[in-house]
Amino acid sequence: MSPQERLEELEEALEEFLEDVEGCTWQIARGELTLTVPRARLLEVMEILRTHIQIAMEQCIDVCGVDYSEYGRSEWATSDAPNTGFERGVDRDHRPEADPANRFCVVYHLMSLTHNVRMRVKTYLDAENPVVDSVTGIWASANWFEREAFDLFGILFIGHPDLRRILTDYGFIGHPFRKDFPLIGEVEMRYDPEQGRVVYEPVSVEPRTLVPRVIRDDMRYEEGWKPEPAEPEAEAE
């Protein structure tokens with residue numbers, strides 16, 4: 001069975017078992033099915049994906065967070081900038097506003113060994129209350145993944161058995177993967193030989209915008225472009 005046929009069978013199973021779950025939508029793109037689930041129905045849907053033999057997503061291979069607060073507002077998107085040359089930059093006052101009701105997203109990557117197919121599940125969270133049910137009761141492998149999403153994005157997982165930081169320091173303040181977290185950080189850390197311990201100090205680095213000064217178009221990525229054939233070498237006399 002081809003990968004496309006497996007995706008089509010998965011889609012048929014979703015149509016059958018998620019028919020009564022309001023708010024679920026999905027699409028197939030780039031060889032993978034992405035299912036979007038309302039936050040309130042997440043555990044119900046995940047149980048269906050795990051237990052029904054026609055779907056049988058036995059493994060949760062990744063859980064990650066996404067912050068959409070700066071989506072479409074990148075400082076690197078300079079193609080439509082009003083300036084040119086060395087002053088090319090984004091006009092910060094005319095960028096689209098983000099939707100606070102869908103600022104955060106939790107993305108689950110699931111795999112079925114039975115059917116040899118993968119799928120992606122997404123659920124959106126609001127900016128003020130980024131809370132969602134933990135899926136550790138369905139897939140134990142989600143334990144550390146959810147801890148990482150909590151640590152880096154500040155997403156809270158209800159029912160997690162040990163929700164604490166996993167990558168940053170114990171006294172770390174903030175969530176470094178949020179788009180409003182400064183690139184230079186909040187504090188500097190260094191070892192003080194006189195005190196014999198690690199100390200925290202105010203940041204001494206000046207913040208700056210990381211926009212490339214020169215942007216060149218590469219014709220290799222233009223549609224229909226092909227390299228010119230190499231000229232044959234002249235035969236030696």
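Basis of the calculations
Residues numbered from 1 in each chain as written. Predicted model: local features only at pLDDT ≥ 70, side-chain atom pairs only at ≥ 80, totals over all residues. Heavy atoms only, no water. pLDDT = per-residue confidence, 0-100. Contact = heavy atoms within 4.5 Å. Helix = DSSP H or I, 4+ residues; strand = E, 2+ residues; numbered from the N terminus. Buried < 20%, exposed > 50% of the residue type's maximum accessible area, 1.4 Å probe, protein only. Pairing = 2+ DSSP bridges. Axes fitted to C-alpha atoms, helices over the stretch in contact; angles between N-to-C directions. Arc of directions from axis to C-beta.

K.L.:
Sorry if this is basic, but what is going on with the confidence of the model for the protein chain here?
P.N.:
Keep in mind that low pLDDT regions are not for reading the predicted coordinates in detail. Summing up the model confidence of the protein chain, the mean pLDDT is 85 and the portion of residues at 70 or higher is 81%. Under a pLDDT of 50 for its full length, residues 85-89 has, in the predicted model, eleven contacts with residues more than four places off or in other chains.

K.L.:
What's the story with unusual backbone geometry in this structure? I'm lost.
P.N.:
Trans peptide bonds make up most of the peptide bonds, and negative phi angles are found at most residues other than glycine. A positive phi is found at Arg-30, a non-glycine position, where the angle reads about 55 degrees. With respect to the helices, strands and loops of the structure, Arg-30 is situated in the loop between strand S1 (25-29) and strand S2 (32-36). Exposure remark for Arg-30: the relative accessible area of 89% places this residue in the exposed category. Phi angles above zero are rare outside glycine, and Ala-56 is one such case at about 50 degrees. Tracing the chain through its elements places Ala-56 in the loop between helix H2 (42-51) and strand S3 (59-67). Residue Ala-56 is classed as buried on the basis of its relative accessible area, which comes to 4%.

K.L.:
I would appreciate a short explanation of the environment of Ile-53 in the present structure.
P.N.:
Positionally, Ile-53 belongs in the loop between H2 and S3. Residue Ile-53 is classed as exposed on the basis of its relative accessible area of 57%. Through-space distance from the C-alpha of Ile-53 to that of Thr-114 is 8.4 Å; in sequence the pair is 61 residues apart.

K.L.:
Looking at this model, I keep getting lost on the sheet that holds strand S5 (residues 117-125). Mind explaining?
P.N.:
Within a beta sheet, neighbouring strands are joined by backbone hydrogen bonds and run either parallel or antiparallel to one another. One open sheet holds the five strands; their spatial order is S1-S2-S5-S4-S3, and the pairing between them is mixed. With partners counted over all chains shown, the strands left at the sheet margins are S1 and S3, one partner each. With direction set aside, neighbouring strand axes in the sheet form an average angle of 20 degrees. Taken together, the eight bridges between S3 and strand S4 (residues 104-112) define a ladder with antiparallel strand orientation. Paired with Asp-62 across the bridge in S4 is His-109. Running at roughly 175 degrees to S5, H2 makes contact with S2, S4 and S5 of the sheet. Here helix H3 (residues 142-153) sits on the sheet and contacts S3 and S4; the angle it forms with S3, its principal contact strand, is near 5 degrees.

K.L.:
What is the right way to look at H2 in this model?
P.N.:
An α-helix turns once per 3.6 residues; consequently, residues spaced three or four apart project the same way. Within H2, burial applies to Leu-42, Val-45, Met-46, Ile-48 and Leu-49. Looking down the long axis of H2, one finds its buried residues gathered within 155 degrees of arc, a one-sided arrangement. Residues of H2 that are buried make contact with helix H1 (3-17), S2, S4, S5 and strand S6 (131-133).

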